[in-house]
Amino acid sequence: MVLAKVIGTVVATRKEPSMEGLKFMLLRPVDLEGKEGGGFVVAVDAVGCGEGEMVLYASGSSARQTHLTDKRPCDAVIMAIVDNWEVGGKIRYKKGESD
Amino acid sequence: MVLAKVIGTVVATRKEPSMEGLKFMLLRPVDLEGKEGGGFVVAVDAVGCGEGEMVLYASGSSARQTHLTDKRPCDAVIMAIVDNWEVGGKIRYKKGESD
Amino acid sequence: MVLAKVIGTVVATRKEPSMEGLKFMLLRPVDLEGKEGGGFVVAVDAVGCGEGEMVLYASGSSARQTHLTDKRPCDAVIMAIVDNWEVGGKIRYKKGESD
Amino acid sequence: MVLAKVIGTVVATRKEPSMEGLKFMLLRPVDLEGKEGGGFVVAVDAVGCGEGEMVLYASGSSARQTHLTDKRPCDAVIMAIVDNWEVGGKIRYKKGESD
Amino acid sequence: MVLAKVIGTVVATRKEPSMEGLKFMLLRPVDLEGKEGGGFVVAVDAVGCGEGEMVLYASGSSARQTHLTDKRPCDAVIMAIVDNWEVGGKIRYKKGESD
């Protein structure tokens with residue numbers, strides 16, 4: 001899984017029928033300090049996240065292992081909202097503080 | 001999924017029989033402003049898109065989760081035509097305006 | 001899928017029994033003008049291509065969706081021989097002309 | 001599989017229900033000397049590892065081939081704790097010595 | 001598939017039970033002359049190869065399509081030992097000569 005920040009949303013009305021009702025989020029992978037990197041991906045939201053939140057997303061066939069994305073042409077899914085992470089015993093990101 | 005622009009088409013008459021009738025599109029991934037990057041991929045069109053349109057494509061086994069591509073040797077599929085996207089509450093791309 | 005040129009072949013007599021009889025081709029991905037890039041991959045030939053031909057190959061689990069490669073440890077398959085491609089309405093590669 | 005060092009953990013209370021109870025570890029891939037590189041990934045722990053340990057992780061659908069991760073939206077799993085590795089007949093990393 | 005040279009082995013006694021008895025090999029991808037590049041991967045040996053040999057390995061779910069690796073958390077498998085390869089009609093690597 002990859003740590004990323006939700007930075008926006010994508011709207012697409014014409015699409016594979018099975019994708020109806022899914023929400024497409026724009027995500028930027030972050031470094032260990034929570035700073036956004038240069039690239040971005042589009043992932044389906046399976047946890048009800050919002051812009052600015054730090055999340056984990058899974059890619060590939062694993063992105064279809066949720067009720068929302070099962071058997072759909074979805075290759076990236078947000079499957080967790082991150083509270084915090086620590087490296088070497090020290091908190092490096094904590095929700096509400098580091099945003 | 002990845003945001004990309006449809007820039008062309010590929011014709012291949014000799015191919016795996018299961019790929020008969022599918023349309024191969026040339027896609028260039030774009031940045032958050034909708035500007036084309038350097039690379040490109042070939043994806044099967046599952047939504048009836050045209051050149052110049054902004055689309056979302058899915059890769060890997062997820063590219064086979066449409067009626068057109070099911071059980072076929074297809075590793076990239078266009079599964080949505082993009083209307084717009086926004087970052088931080090501001091529209092960064094809108095179909096018809098930003099093209 | 002990726003556009004690539006067939007540049008050679010690989011011979012391997014000792015291998016997974018299920019790979020017996022398959023032909024391993026050396027492929028170099030090309031740019032939009034058909035010029036070879038720096039990297040290369042080894043793919044199984046499912047369409048009867050020859051050296052110098054421009055092809056499409058599929059990667060990952062999609063590489064197993066042909067009769068030849070089904071249930072085999074094959075992660076790249078040539079599934080089409082390319083006749084031509086066009087970008088912005090102009091032919092950029094045509095078989096026999098651009099080679 | 002990839003050689004990596006466990007450098008920390010990620011906490012996420014709001015997540016896909018199927019991910020409940022799984023432990024998310026921060027991993028940094030290492031070079032042949034065991035030195036950490038620049039990137040990092042988040043993987044589920046299937047072997048009971050701890051911070052500072054050298055591990056192997058598997059990605060993609062293979063990350064779901066453990067009892068803990070089966071049918072879950074998990075695309076990276078720690079499936080082994082490394083004792084040592086050798087290159088050209090010489091030990092390059094040994095647990096307890098090279099850490 | 002990718003051409004690579006076997007450069008070493010990895011020992012891991014604590015691991016997913018299903019990985020018991022499998023041999024982990026250190027592989028370095030090579031260029032068309034057979035020279036080793038900078039990166040490396042760990043793959044399960046399904047063909048009985050030894051250090052110094054040139055091999056082909058498959059990644060992703062295709063790495064589970066051997067008797068040894070079926071349904072195991074293995075994302076890279078050595079499925080062939082290479083005898084030789086040729087580019088443009090000329091042998092570029094031949095076992096025993098180019099090593």
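Look up a bit, the structure's there.
Because the structure is predicted, anything quoted here is derived from the model rather than measured.

> Help me understand the overall build of chain A in this model?
Looking only at helices and strands, chain A has zero helices and eight strands in total. For chain A, the N- to C-terminal ordering of α and β elements is β-β-β-β-β-β-β-β. Taking 99 residues into account, the globule formula puts the C-alpha radius of gyration at 13 Å, and chain A, at 14 Å, falls close to it. Counting only C-alpha atoms and orienting by the principal axes, one finds that chain A spans roughly 45 × 25 × 20 Å. Counting across all 99 residues of chain A, residues that qualify as buried make up 60%.

> Teacher, can you tell me more about the packing of aromatic side chains here?
Any aromatic ring pair is given by two values, namely how distant the centres are and how the planes are angled relative to each other. All names here are of chain A. Enumeration over the complete set of coordinates arrives at five aromatic pairs over all chains. Relative to Y93, the ring of W85 lies with its centre 4.6 Å away and its plane at 20°, an arrangement referred to as stacked. Side by side, W85 and Y93 carry an identical accessibility label, which is buried.

> What is the right way to look at the interface of chain E and chain C in this model?
One frequently used descriptor of interface size is the decrease in accessible area upon assembly of the parts. Residue-level contacts link 29 residues of chain E with 29 residues of chain C. At the boundary of chain E and chain C, one finds zero salt bridges. Scanning the region where chain E abuts chain C turns up 16 residue pairs in polar contact (both at pLDDT 80 or more). Put simply, the parts of the chain that give the side of chain E that touches chain C at least two residues each are β5 (54-59), β6 (76-81) and β7 (84-87) of chain E. Per-class residue counts for the side of chain E that touches chain C are 16 nonpolar, ten polar and three charged. Strand direction decides the pairing type here: strand β1 (residues 2-11) of chain C and β7 of chain E, joined by four bridges, are antiparallel. When the bridges of β7 of chain E are listed, V10 of chain C appears paired with W85 of chain E.

> I tried to follow the interface of chain A and chain D on my own but got confused; where do I start?
In this complex, chain A contributes 29 residues to the contact, which on the side of chain D involves 29 residues. Between chain A and chain D the total buried area reaches about 2200 Å² when both faces are included, carbon and sulfur atoms providing 53% of it. There are zero salt bridges connecting chain A and chain D. At the boundary of chain A with chain D, the tally comes to 16 residue pairs in polar contact (both at pLDDT 80 or more). Sorting the residues of the side of chain A that touches chain D by element identifies β5 (54-59), β6 (76-81) and β7 (84-87) of chain A as the ones contributing at least two each.

> Can you walk me through the environment of W85 of chain B in this structure?
Residue and element names in this part refer to chain B. One can find W85 in strand β7 (residues 84-87). Judged by its relative accessible area of 0%, W85 falls in the buried class. Expressed as a C-alpha distance, the spacing of W85 and E33, which sit 52 residues apart in the sequence, is 9.5 Å. In terms of polar contacts, W85 uses its side chain to reach the backbone carbonyl oxygen of L32, at 2.9 Å.

> How should I be thinking about unusual backbone geometry in this particular structure?
Across residues other than glycine, the phi torsion is negative in most instances, and most of the peptide bonds are trans. Residue and element names in this part refer to chain A. Here the phi dihedral of K71 falls at roughly 60°; this positive angle occurs in a residue that is not glycine. Its location among the elements puts K71 in the loop between β5 and β6. Using a relative accessible area of 61% as the deciding quantity, one classes K71 as exposed.

> So what exactly am I meant to see when it comes to the environment of D31 of chain D here?
Residue placement: D31 of chain D occurs in the loop between β3 (24-29) and β4 (41-45). According to the relative accessible area criterion, D31 of chain D is partly exposed, its value standing at 31%. A sequence separation of 29 residues divides D31 of chain D from V2 of chain D, and the C-alpha atoms of the two residues are 9.9 Å apart. Among residues more than four places away in sequence, those in contact with D31 of chain D are W85 of chain D together with F40 of chain E.

Rules used in this analysis
- Residues numbered from 1 in each chain as written.
- Chains lettered and ligands numbered in written order.
- Predicted model: local features only at pLDDT ≥ 70, side-chain atom pairs only at ≥ 80, totals over all residues.
- Heavy atoms only, no water.
- Helix = DSSP H or I, 4+ residues; strand = E, 2+ residues; numbered from the N terminus.
- Rg over C-alpha atoms; globule rule 2.2 N^0.38 Å.
- Buried < 20%, exposed > 50% of the residue type's maximum accessible area, 1.4 Å probe, protein only.
- Phe/Tyr/Trp six-rings, centres within 6.5 Å; stacked < 30°, edge-to-face > 60°.
- Contact = heavy atoms within 4.5 Å.
- Salt bridge = Lys/Arg side-chain N within 4 Å of Asp/Glu carboxyl O.
- Polar contact = N/O pair within 3.5 Å; in protein donor to acceptor, adjacent residues only side chain to side chain.
- Nonpolar A, V, L, I, M, F, W, Y, C, P; charged D, E, K, R; others polar.
- Pairing = 2+ DSSP bridges.
- Buried area = accessible area lost by both parts, 1.4 Å probe.

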